Amino acid sequence: QVQLVESGGGLVQAGGSLRLSCAASGSIFSVNAMGWYRQAPGKQRELVADIFSDGTTTYVDSMKGRFTISIDNAKNTVYLQMNSLKSEDTAVYYCRVVARKDPRSSVYTYWGQGTQVTVSS
């Protein structure tokens, strides 16, 4: 079993910053990728940023330069530093982890419970 614990969401004024954290624990042999998605009311869940085991990162264009994803491999923890927040960034942010439980297992995808980010204008 793999558990993901997210933290760092909240209410912030436009132009402000927040830092999200997601710690993965449990039956993890290796992590292939960790990332953040978000879902605004009435919209589909969308990718925010991913970071892969080799350190490669992927960002959605609208978040490049404002958001930074990073990882602490020793702690299986991924962070999302969000700066210059806008009202349109308001959403529930979900952590996603792609990992193996043992050397011979398939790769599985795990999701966190979500953390609310609200940006007031």
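Computed from a prediction, not measured in an experiment: that's the story for all the values here. (Residues numbered from 1 in each chain as written. Predicted model: local features only at pLDDT ≥ 70, side-chain atom pairs only at ≥ 80, totals over all residues. Heavy atoms only, no water.)

1. Describing the packing of aromatic side chains
Argument step 1. Within this structure, the stated rule accounts for 2 aromatic pairs.
Argument step 2. On the numbers, 5.1 Å between centres and 75° between planes, the contact of tyrosine 37 with tryptophan 111 is edge-to-face. Taken as a pair, tyrosine 37 in strand S4 (residues 30–39) and tryptophan 111 in strand S10 (residues 107–111) lie far apart in primary sequence, 74 residues in all.
Argument step 3. The exposure class assigned to tryptophan 111 is partly exposed, which follows from its relative accessible area of 38%.
Argument step 4. For the pair tyrosine 108 and tyrosine 110, a centre-to-centre distance of 6.4 Å together with 45° between the ring planes defines the contact as tilted.
Argument step 5. Given the relative accessible area of 37%, tyrosine 108 is considered partly exposed. (Phe/Tyr/Trp six-rings, centres within 6.5 Å; stacked < 30°, edge-to-face > 60°. Helix = DSSP H or I, 4+ residues; strand = E, 2+ residues; numbered from the N terminus. Buried < 20%, exposed > 50% of the residue type's maximum accessible area, 1.4 Å probe, protein only.)

2. Examining the pairing of strand S3 (residues 18–26)
Argument step 1. Strand direction decides the pairing type here: strand S1 (residues 2–7) and S3, joined by 6 bridges, are antiparallel. The residue of S3 that forms the bridge with valine 5 is alanine 23.
Argument step 2. Pairing of S3 with strand S8 (residues 77–82), which is carried by 6 bridges, proceeds in the antiparallel orientation. If you follow leucine 20 over to S8, its bridge partner there is leucine 80. (Pairing = 2+ DSSP bridges.)

3. Structural notes on the pattern of salt bridges
Argument step 1. Counting across every chain of the model gives 5 salt bridges.
Argument step 2. Note that glutamate 46 and arginine 38 form a salt bridge whose closest N and O atoms lie 2.7 Å from each other.
Argument step 3. A residue is classified by how much of its surface remains accessible, and arginine 38, at 8% relative accessible area, is buried.
Argument step 4. Put simply, aspartate 89 and arginine 66 hold a salt bridge, and the shortest N to O gap is 2.7 Å. Of this pair, aspartate 89 sits in the loop between S8 and strand S9 (91–100) while arginine 66 is found in the loop between strand S6 (57–59) and strand S7 (67–72), placing the two residues 23 residues apart along the sequence.
Argument step 5. Aspartate 89 gets classed as buried once you look at its relative accessible area, which sits at 1%.
Argument step 6. Arginine 66 sits in the buried class, given a relative accessible area of 11%.
Argument step 7. Taken together, the shared-partner salt bridges in this structure form one network comprising Arg38, Glu46, Arg66 and Asp89. (Salt bridge = Lys/Arg side-chain N within 4 Å of Asp/Glu carboxyl O.)

Function cannot be read off these values alone, since they describe shape.
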